[in-house]
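These are the residues of each chain, in order.
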Amino acid sequence: MKLRISLLFSLLLALVLVLAACNGDDNEPGDNNNEPNNQENNEPAEDNNNDSAEASGDNVLIFARGGDSESLDPGSTTDGESSRVTKQVLEGLLTFEDESFEVAPSLAHDWDVSEDGLTYTFYLEEGVKFHDGTDFNAEAVKINFERWADPSHEYAFTDDGYVYSMYGTMFGGYKGDEGHVIKEINVINDHEIEFILNRPLGFFLQNLGMSYFAITSPAALEEYGATINENPVGTGPFKFVEWRKNESITLEKFEDYRVEGLPKLDSVVFTVIPDNAARLIALKSGEIDIMDGLNPDDAAGVESDENLILFERAENNFGYVGFNTQKEPFDNKELRQAISYAIDRNAIAEALYAGYAVPAKNPLPPSYMGYNDDVEPYAYDPEKAKELLAEAGYPDGLEIDLWTMPVARPYMPDPETVALIIQGNLADIGVTANIHREEWAPYLEKTMNGEHQMYMLGWSGTNGDPDYFLSSLLHGSNVGTSNRSFYVNSKVDELLDAAKVAVDQDERASLYSEAQALISEDVPMVPLVHSRPVLATTNAVVNYVPHPSTSESLAEVEIQK
Amino acid sequence: MFAYTTRRLLMLIPVLIGMTLITFSIVHLIPGNPAQVILGETASETAIKDLEESMGLNEPYFVQYTIYVSDLLQGDLGTSLKSKTAINKEIWPYIAATFELTIFAMLFAIIIGVNAGIISAWRQNSWFDFLAMLFALIGVSIPVFWLALMEQWIFAQELGWFPSSGRQDTRDPMEPITYFYVLDSILHGDFARTITTLKHLVLPSIALGTIPMAIIARMTRSSMLEVMRSDYIRTVRAKGSGQFLIIYKHALKNALIPVLTVIGLQTGVLLGGAILTETIFSWPGIGRYIYEAITFRDYPVIQSGILVIAFLFVIINLIVDLLYKFIDPRINY
């Protein structure tokens, strides 16, 4: 026993010494002369497998985020951490501009829209190859769309639990559904494809820019079957190498990428570091190059650090306090307006987002088409709120329930504190707000059923179209689902319906603008803030442009040593 | 001995049946529809219905449970709702990661803890004893996440001695064989990489091993003190043996029984309870696997993950019980 323990002890000592000895010499060339290894690595360039590989200038970018991807099959997921990765591997017919939701060409270099808005013809890039070497053509596009639309399609993998919910949401349902927008898809030739719609859809092109509708190689669908979610094969700048669950996803440069000279990196590794503070430490100690999900409170520290660069994503969401407009007491418009004047949005933006948020006045992010900047905000004014409260018939105030969400979301990083601020604001005008808490799932269900009076929630954009915000949240037909304010205004519905089918984007913009003015007057909800998520990179990272959707292409990004 | 082992193994069966019942009902008692949670606030009603159906949530509980158990008996742990992969296939790397971390954390805890306990008992009321027990007290009371962040800050960010997160160099990953990365790097014959993986283990092992270390040190000390006062030690001493021999040869063996119990229990606790350490050091272990399954309401993973941990816990306790006899031949089963 004595021998064993002292042996262990000396072993431990030896180990500590060895480890300590290996620390200082990261940059010494001697460290590279390690034994020849027999690992199955086909790239000799990556042979120097210790820490000094970092310094040797291998063009590897490490992108750290808080959670792992859910699936690498873009169509069957709605998860942002997934599309962040698939955006590099697969491409859709269209994409978005670097910093906005403006539609830009991708696999389709050009397109025509018929006068009636029912026929879309896309002209596809020629000579494009999938990563598996097969040709990209119009047939491949058709197969992908049919796979999403038709649950009985041979590649739909419905029995394996694949659901294409983003397709259903964006294109009005699936094949055979009454609301389904796409009537037929015709392959004209290898590089021309035509979509015929049942009725016009104002944001059809916008949808096609979404990373969820990216084209997978049909040969890969055949080969991998239901494991396609772990084996993405597309036409993107990077090809998939390996996915270690909860650890890392490795992509490497696709040599035959259709754009000459891109991508600039040799490989990209998406790694998972769940804790925000630990992720920042990893960035500061040079273990990673880009970190998503910086705490707003840490932003100032990053800004003053000369080795790091702070980035803000354009706002693409908004958090709000909504009313159940069909139930006592908030079926009273004056009362809703009174509450709206009583809430101090600036205080919320400052307290919770360290200033990385803009106070909201419309249920739509400011960068969006049709955003109505002429809407007069309900500026914080407790006196006016009290007057309106009296006019509404509550001169002595009243008691209400305020439902607060139990989980943090990008638009609402700390719902509990927001609820407390609002509670305080309302107390100032004589309204007693009792904070009511529910678990997340019952919260969503009960607000859908209208069991609430006043509630907190938010919305995040996906396709960059106003319809996704305004119709989902405020169209009468969505009462009982996503319209949790139970707001029905036939005039607003008409405007939203007209905007949905209009093809001319200027016309759509003015219709949405008009709808926002009406909504602002009715106050079915009090928009609080649009948050601007912050992230950081080391100063070696060049050409990185964060996209409001949270999925940006890394094709142009470089690492400068 | 053999009969005892068999009996203990048979006792596993009711324990595991109980576990399946408990995990199954806990998971289904959580309020809320999992399909709604998975799809979030922007989900449409049809999308929720579709998902419910594809998850089999529309079946009655009893049917769901029967299917679950009959699959288990065939060695099928179910399919993850999130990754759509068989849990059988994907769980091993997580178990290996946690095991590796637990082994190193316990090595740290045992070597430091037992020796500190011995010396404290030997030099009772000395300055060493006082300091060691003070540190042990701090050790059990220190919050793991705080210790972990401090370690990262000092040793990774400021001094740059050890990496702050992960199991290996992200820029240059290795081909896994057993998923025990230290072992894998040795199997690859790549000793530079062994050092890298060991370096990645240092901070999380210390963070995870601190509490068990403190408990072991205190347990060893009190157990040693008791043994040192017993008659046979006085006899050995009268015989003229040296102090070192008395402690390590005669006293320690008998003092180890309660320590071993603690070690066994703590190992079990670490296997299942390393979530905080695994989260802060982004260690892809079983704790985080289950934690993420919980946020996603991935029922099959929650059930199977807890079941696997319970199984390991019982096995480790069995091994500890068997070790008693090896250490103290007076014990009979």
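Residues numbered from 1 in each chain as written. Chains lettered and ligands numbered in written order. Predicted model: local features only at pLDDT ≥ 70, side-chain atom pairs only at ≥ 80, totals over all residues.

It is worth spelling out the overall build of chain B at this point. A count of helical and extended segments in chain B gives 14 helices and zero strands. Each helix and strand of chain B, ordered N terminal to C terminal, gives the series α-α-α-α-α-α-α-α-α-α-α-α-α-α. Dimensions of chain B along its principal axes, counting C-alpha atoms only, are 85 × 55 × 40 Å. Long-range pairs, those at least 24 residues apart, make up 71% of the contacts in chain B between residues at least 6 apart in sequence. (Helix = DSSP H or I, 4+ residues; strand = E, 2+ residues; numbered from the N terminus. Contact = placed C-beta atoms within 7 Å.)

Once that is clear, we can look at the overall build of chain A. A count of helical and extended segments in chain A gives 17 helices and 21 strands. Counting all 561 residues of chain A, 49% fall into the buried class. Looking at chain A alone, contacts between residues at least 24 apart form 69% of all its contacts between residues at least 6 apart. (Buried ≥ 20, exposed ≤ 12 C-beta atoms within 10 Å, placed from the backbone.)

Another aspect to go through is the pairing of strand β8 (residues 238-244) of chain A. Working note: regular strand, side chains alternate between the two faces of the sheet. All names here are of chain A. Sheet topology note: the β8/strand β9 (residues 248-253) ladder contains six bridges and is antiparallel. Residue Glu242 lies in a different strand from β9, and its bridge partner there is Thr250. Where β8 hands over to β9, the hairpin turn is made up of three residues, of which Asn246 adopts a positive phi near 65°. (Pairing = 2+ DSSP bridges.)

Buried residues are scarce in helix α10 (residues 231-239) of chain B, accounting for zero of its nine residues. Phi turns positive, to about 100°, at Gly240 of chain B, one or two residues after α10 of chain B.

Residues and elements named next belong to chain A. A cis amide bond links Leu262 with the next residue in sequence, Pro263, at an omega value of -10°. Along the chain, Pro263 falls in the loop between β9 and β10 (267-272). Along the chain, Glu328 connects to Pro329 via a cis peptide bond; the corresponding omega equals -5°. Among the structural elements, Pro329 can be located in the loop between β13 (317-323) and α10 (333-342). Notably, Val523 is not glycine yet its phi reads approximately 45°, a positive angle. For Val523, the location among the structural elements is in the loop between α17 (505-522) and β18 (525-531).

With numbering matched to this structure, UniProt assigns "domain: Solute-binding protein family" (unreviewed entry) to residues 102-479 of chain A. Helix makes up 28% of residues 102-479 of chain A and strand 23%, whereas the separation of the span's terminal C-alpha atoms amounts to 30 Å. (UniProt positions renumbered as here; feature names shortened; annotations may be inferred.)

Soluble, globular proteins show a tendency: their nonpolar side chains are buried together. The biggest cluster of nonpolar side chains holds 222 residues, and the ones touching the most others in it are Leu61, Val268, Met291, Val321 and Met456 of chain A together with Ile216 of chain B. Of the residues that make up this core, three or more belong to each of domain 1 (2-85) and domain 2 (90-327) of chain B. Sequence-distant contacts of Val321 of chain A, that is, excluding residues within four places in its chain, are made with Ile343, Ile422, Met454, Met456, Met525, Val526 and Leu528 of chain A. (Core = buried A, V, L, I, M, F, W, Y, C linked by C-beta atoms within 7 Å. Domains from an automatic or database assignment.)

We now examine the UniProt feature "transmembrane region" (unreviewed entry) in chain B. The feature "transmembrane region" (unreviewed entry), as annotated in UniProt, sits at residues 9-30, 91-118, 130-149, 201-220, 255-281 and 301-324 of chain B in this numbering. Helix makes up 100% of residues 301-324 of chain B and strand 0%. Its end C-alpha atoms lie 35 Å apart.

On to the confidence of the model for chain A. Overall, the prediction assigns chain A a mean pLDDT of 85, with 90% of residues at 70 or greater. Long-range and interchain partners of residues 15-57 of chain A, a stretch whose pLDDT sits below 50, account for 55 contacts in this model, where long-range means more than four residues apart. (pLDDT = per-residue confidence, 0-100.)

A few words now on the domain arrangement of chain B. All names here are of chain B. Taken as a whole, chain B is organised into domain 1 (2-85) and domain 2 (90-327). Using only C-alpha atoms to locate each centre, domain 1 and domain 2 end up separated by 31 Å. Facing the 22 residues of domain 1 at the interface are 18 residues of domain 2. Elements represented by at least two residues in the side of domain 1 that touches domain 2 include exactly α1 (2-29) and α2 (34-39). Ranked by the residues each element gives to the side of domain 1 that touches domain 2, the list is headed by α1, at ten residues. Of the residues in the side of domain 1 that touches domain 2, the class split is twelve nonpolar, eight polar and two charged. (Nonpolar A, V, L, I, M, F, W, Y, C, P; charged D, E, K, R; others polar.)

All right, on to the sheet that holds β9 of chain A then. Residue and element names in this part refer to chain A. Strand order in the open sheet made by the seven strands is β8-β9-β10-β1-β11-β19-β12, with mixed pairing throughout. Each edge of the open sheet carries a strand with a single partner, namely β8 and β12 (308-312). Pairing of strand β11 (residues 290-291) with strand β19 (residues 534-538), which is carried by two bridges, proceeds in the antiparallel orientation. What sits directly across from Ile290, in β19, is Thr537. Against the sheet, helix α3 (residues 80-89) makes contact with β1 (60-65), β8, β9 and β10, and its axis sits at roughly 140° relative to β8, the strand it touches most. (Axes fitted to C-alpha atoms, helices over the stretch in contact; angles between N-to-C directions.)

Right, let's talk about the pairing of β10 of chain A for a bit. All names here are of chain A. Most of β10 is tucked away: six of the six residues are buried. Neither face of β10 is exposed, since Ser267, Val269 and Thr271 on one face and Val268, Phe270 and Val272 on the opposite face are all buried. Direction of pairing for β1 relative to β10: parallel, over a ladder of six bridges. Counted as the bridge partner of Val60 is Ser267 from β10.

Next up on the list: the sheet that holds strand β4 (residues 108-113) of chain A. Residues and elements named next belong to chain A. With antiparallel pairing, the four strands of this open sheet are ordered in space as β4-β5-β7-β6. Both edges of this open sheet fall to β4 and β6 (182-189), since each of them pairs with a single strand only. Within the sheet, the average angular offset between the axes of one strand and its neighbour, ignoring direction, is 20°. Here five bridges tie β4 to strand β5 (residues 119-124), and the two strands are oriented antiparallel to one another. Along β5, the bridge assignment pairs Asp110 with Tyr123.

A separate point is the packing of helix α5 (residues 87-122) of chain B against helix α9 (residues 191-228) of chain B. All names here are of chain B. For the pair α5 and α9, the least separation of the axes is 6 Å and the interaxial angle reads 35°. Pair α5 / α9 crosses with right-handed handedness. Of the residues assigned to the contact of α5 with α9, the class counts are 24 nonpolar, six polar and two charged. (Left-handed = near helix turned anticlockwise from the far one by under 90°.)

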